[in-house]
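Listed below are the residues making up each chain.
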Amino acid sequence: MADGWSTDTGEAVYRSRDAVKNLKVKIHIQRFTSTAALSQHLQQQVLTQQERGGIELDTLNSQAQSAGDDEEELVVGWQEKLFSQYEVDLFQSEAVCQTPLERQYHTEIMALERTRGRRNRRIFTYTDFDRFTNWEGDSQSMVTQVKSNPTFLAHRMANVRHRRQDRRPVDSTFPKSRLITWEPSEDFVKTSHVVNTPVQTMHIMGDMGPLGKLGQKEKECLLCTIRADGNGVITIKPDFNKGKEPYRVETEGEKREVWRLTLENVSEGIRPEEKEREQRMYKDLYVRHKDYLNSLVGQDFEMPPPGILRLLVNGEIDSAKGFEYDNLYVHFFLELPHNWSTLPFHSLSGVTQTCRTKTIGKDDVAFFSYPFSFEAFFRREDETEESLPQWPVLYFKVLSLDFWQRYRNEGYGYLVIPSTRGKHTITCHTWRPLQTGTVSELRRFFIGGSPELEDYSYVRVPGTFKGERLSRFGFRTQTTGSVTFNLHCIQHARAFVDASTLKKRRQSVLDQLGGFSQQGSVYNVLEAFQRARRRMQEARESLPRDLINTTAQQNSESNA
């Protein structure tokens with residue numbers, strides 16, 4: 001007997017670049033009774049009979065039009081305040097007004113009573129800062145919806161707006177020892193996992209009480225909830241009907257009445273000339289922003305001076321594992337070989353943060369994820385040298401620091417910067433000097449400290465060493481752990497060609513000329529030129545004499 005109902009009452013999310021103040025929603029509610037259903041059914045039959053030439057039933061039309069209290073249609077704008085009968089009766093007395101907003105409502109209600117009165121009867125709204133907006137968390141919509149279980153996050157998000165109002169005083173203090181929770185519990189994680197984005201909320205309500213008894217708080221029913229944030233995201237629950245069947249609203253109590261709810265977006269669309277003007281404005285804005293970025297970057301690509309190799313390294317000390325003690329940190333510095341230089345303000349050394357280890361498999365791993373970067377320049381003094389340049393070396397030292405401020409040397413290592421560009425992941429193994437005897441081990445365990453190198457560069461052969469033998473004396477060492485690096489190397493050069501490459505290019509040119517050998521290449525070229533000249537002279541002498549004289553005469557006439 002009745003039409004179908006729309007059961008899809010979930011939230012709908014829209015994104016708009018237009019101002020949310022231009023949003024307008026048309027709400028239509030109608031009491032669904034057996035008489036109304038019969039009238040609607042007969043009206044459909046009458047319409048079909050009119051097409052066939054039947055007679056219209058004017059009696060049913062007049063009865064349907066007289067039942068105006070069972071139906072209301074209203075267009076509501078964003079954050080537009082429409083007072084309910086309960087609020088009109090409440091705010092007529094200035095004594096109950098507690099806030100400036102409620103006193104403003106009192107003034108508006110008294111002005112409405114003196115003029116035309118309210119344009120609404122059953123449909124009213126709760127705006128963002130109303131006293132009754134907190135009603136949302138304790139009440140439920142009476143719109144019949146599909147059985148669903150809201151998630152824990154949905155329950156927590158329902159109270160976000162209330163927590164935003166309960167702000168802490170300015171003089172509130174926090175215990176400094178609890179800024180970081182090292183071992184959070186499961187309940188703590190659930191409680192903190194809430195996206196607290198400031199939003200504005202608006203409720204469209206309906207007073208489903210009988211005529212003459214409007215204003216009863218228990219008869220109020222939530223019809224629609226609209227939320228909007230500063231990012232242009234608009235959430236509406238339930239969604240616009242968009243040609244679908246109306247929603248079913250069922251009241252509570254002994255007399256369970258059924259209402260039909262229809263929502264429609266009636267926001268005014270943008271006119272074609274305004275849309276075109278807006279597109280031109282956005283296009284002009286994008287062009288200006290692009291020009292601004294180009295002015296910051298510049299049109300010319302930054303080039304190093306001629307004959308200079310520029311090396312940029314963006315690195316990361318990823319992790320360290322296999323060391324004896326916990327709470328590790330790394331001290332590192334970069335050594336530049338001969339003919340390498342850097343800018344004066346660039347730092348070539350650093351210290352990572354102290355990191356606790358985590359057991360993964362059989363190893364205790366400390367994840368640093370410490371970034372570093374440097375820029376260096378290479379210039380060859382002697383262009384005749386054929387050897388490739390020596391690349392910078394990164395020396396590092398791993399140490400540990402415990403609760404009693406005892407630090408221990410955990411290992412030394414070095415890393416030669418790769419000579420190829422691109423991304424590299426390198427794992428460097430470390431060692432530390434070992435002093436024999438039980439006393440050194442007891443000292444290391446109880447008070448910390450261990451043998452150290454006075455110069456880190458002696459982990460390998462130093463770049464400044466010019467002799468044949470570094471040392472005739474040695475010492476015992478112990479292999480410890482390893483450190484993993486992630487490197488991104490960029491090489492930039494202009495007119496930078498080493499001697500070996502230049503020789504290869506010269507040889508390829510000579511090969512194209514005639515396959516000459518590498519030794520005496522210039523002499524071979526001259527000799528080939530002389531042979532070609534002699535062949536031209538011999539060919540000229542073998543020609544007949546009269547042909548040579550005729551050619552010479554024509555040349556003289558043309559010159560004249």
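Up top you'll find the structure we're talking about.
From a predicted model like this one, the values you see are computed outputs, not experimental measurements. (Residues numbered from 1 in each chain as written. Predicted model: local features only at pLDDT ≥ 70, side-chain atom pairs only at ≥ 80, totals over all residues. Heavy atoms only, no water.)

**Things to note about the overall build of the protein**
In step 1: A count of helical and extended segments in the protein gives 12 helices and 19 strands.
In step 2: For the protein, the share of sequence-separated contacts (at least 6 apart) that also reach a separation of at least 24 residues comes to 75%.
In step 3: When the accessible surface of the protein is split by element, carbon and sulfur atoms take 52% of a total near 37900 Å². (Helix = DSSP H or I, 4+ residues; strand = E, 2+ residues; numbered from the N terminus. Contact = heavy atoms within 4.5 Å. Areas by Shrake-Rupley, 256 points an atom, 1.4 Å probe, with all protein chains shown as cover.)

**Focus: the nonpolar core**
In step 1: Core analysis: the largest hydrophobic core is formed by 30 residues, its most contacted members being Ile27, Ile29, Leu223, Ile226 and Leu261.
In step 2: Only β2 (24–32), β3 (71–77), β4 (123–126), β5 (199–207), β6 (220–229), β7 (233–237), β8 (247–250) and β9 (258–265) provide two or more residues apiece to this core.
In step 3: For this core, the element with the most residues is β6, which contributes 6 residues.
In step 4: Not counting residues within four places of it along the chain, the set of residues in contact with Ile29 comprises Asp70, Glu71, Glu72, Arg122, Ile123, Met208, Leu223, Trp259, Arg260 and Leu261.
In step 5: By size, the runner-up hydrophobic cluster in this structure holds 29 residues, among which are Val313, Leu328, Phe372 and Leu394. (Core = buried A, V, L, I, M, F, W, Y, C linked by side-chain atoms within 4.5 Å. Buried < 20%, exposed > 50% of the residue type's maximum accessible area, 1.4 Å probe, protein only.)

**Observations concerning a nonpolar patch on the surface**
In step 1: On the surface, Tyr292, Leu293, Leu296 and Val297 cluster together into a nonpolar patch covering about 440 Å² of accessible area.
In step 2: Among the secondary structure elements, Leu296 is positioned in helix α8 (residues 272–297). (Patch = residues over 30% accessible without salt bridge, like charges linked within 9 Å, V, L, I, M, F, W, Y side chains within 5 Å. Salt bridge = Lys/Arg side-chain N within 4 Å of Asp/Glu carboxyl O.)

**Structural notes on the sheet that holds β4**
Paired through their backbone hydrogen bonds, the strands of a sheet run either parallel or antiparallel.
In step 1: Pairing in this open sheet of 5 strands is antiparallel, and the strands run β1-β7-β6-β5-β4 from one edge to the other. Both outer strands of the open sheet, β1 (12–15) and β4, are each paired with one neighbouring strand and no more. Shown here is a sheet whose adjacent strand axes are inclined to one another by a mean of 20°, direction ignored.
In step 2: Summarising the sheet, β4 and β5 pair through 4 bridges and their orientation is antiparallel. (Pairing = 2+ DSSP bridges. Axes fitted to C-alpha atoms, helices over the stretch in contact; angles between N-to-C directions.)

**Regarding the pattern of salt bridges**
In step 1: Considering all chains together, one arrives at 19 salt bridges under this definition.
In step 2: Among the salt bridges present, the one from Arg119 reaches Glu80, with a minimum N-O distance of 2.5 Å. One end of the pair, Arg119, is in the loop between α4 (100–114) and β4; the other, Glu80, is in the loop between β3 and α3 (85–91), and 39 residues separate them in sequence.
In step 3: Note on Arg119: relative accessible area 44%, which makes it partly exposed.
In step 4: For Glu324, the salt bridge is made with Arg444, and the minimal N-O distance between the two is 3.3 Å. Of this pair, Glu324 sits in the loop between β10 (308–321) and β11 (328–335) while Arg444 sits in helix α9 (residues 438–446), and the two are 120 residues apart along the sequence.
In step 5: Glu324 gets classed as exposed once you look at its relative accessible area, which sits at 52%.
In step 6: Residue class for Arg444 comes out buried when judged on its relative accessible area of 3%.

**As for the pairing of β7**
Residues in a regular strand project their side chains so that they alternate between the two faces of the sheet.
In step 1: Among the 5 residues in β7, 4 count as buried, and that is most of the element.
In step 2: With 4 bridges connecting them, β1 and β7 associate as antiparallel partners. Residue pairing in the sheet places Tyr14 in a bridge with Ile234 of β7.
In step 3: Bridge count between β6 and β7: 4 bridges; the pairing is antiparallel. Bridge pairing in β7 links Thr225 to Lys237.

**So, the side chain of Asp207**
In step 1: Among the secondary structure elements, Asp207 is positioned in strand β5.
In step 2: It turns out Asp207 is buried and unbridged, and the closest side chain with the opposite charge, Arg122, is 5.2 Å from it.
In step 3: When near neighbours in sequence (up to four residues on either side) are disregarded, Asp207 contacts Arg122, Phe124, Leu214, Gly215, Gln216 and Lys219. (Lys, Arg positive; Asp, Glu negative; His and termini not counted.)

**Examining α8**
In step 1: Taking 1.5 Å per residue, 26 residues should reach 38 Å; α8 reaches 37 Å between its end C-alpha atoms and fits that length.
In step 2: Taken from the residues just after α8, Gly298 is the one with a positive phi, measuring 95°. (Expected span 1.5 Å × (residues − 1).)

**Section: unusual backbone geometry**
In step 1: Of the consecutive residues Lys237 and Pro238, the connecting peptide bond is found in the cis state with omega at -5°.
In step 2: Within the element layout of this structure, Pro238 appears in the loop between β7 and β8.
In step 3: Unusually for a residue other than glycine, Lys242 sits at a positive phi of about 55°.
In step 4: In this fold, Lys242 is placed in the loop between β7 and β8.
In step 5: We classify Lys242 as exposed; its relative accessible area is 59%.

**Focus on the packing of aromatic side chains**
In step 1: Within the structure shown, the criterion is met by 14 aromatic pairs.
In step 2: Seen in terms of ring centroids, Phe124 and Tyr126 are 5.6 Å apart; in terms of plane orientation they differ by 75°. Their pairing is edge-to-face. Both residues of the pair, Phe124 and Tyr126, count as buried.
In step 3: Aromatic side chains Tyr412 and Trp431 sit 6.0 Å apart centroid to centroid with 45° between the ring planes, which places their arrangement in the tilted category. In this pair, Tyr412 sits in strand β17 (residues 407–416) while Trp431 sits in strand β18 (residues 422–433), placing the two residues 19 residues apart along the sequence. With respect to burial, Tyr412 and Trp431 carry one shared label: buried.
In step 4: Taken together, the ring pairs connect Phe83, Phe91 and Tyr105 into an aromatic cluster.
In step 5: One residue, Arg408, lies across the ring of Tyr325, its end atom 4.1 Å from the ring centre. (Phe/Tyr/Trp six-rings, centres within 6.5 Å; stacked < 30°, edge-to-face > 60°. Lys NZ or Arg CZ within 6 Å of the ring centre and 35° of its normal.)

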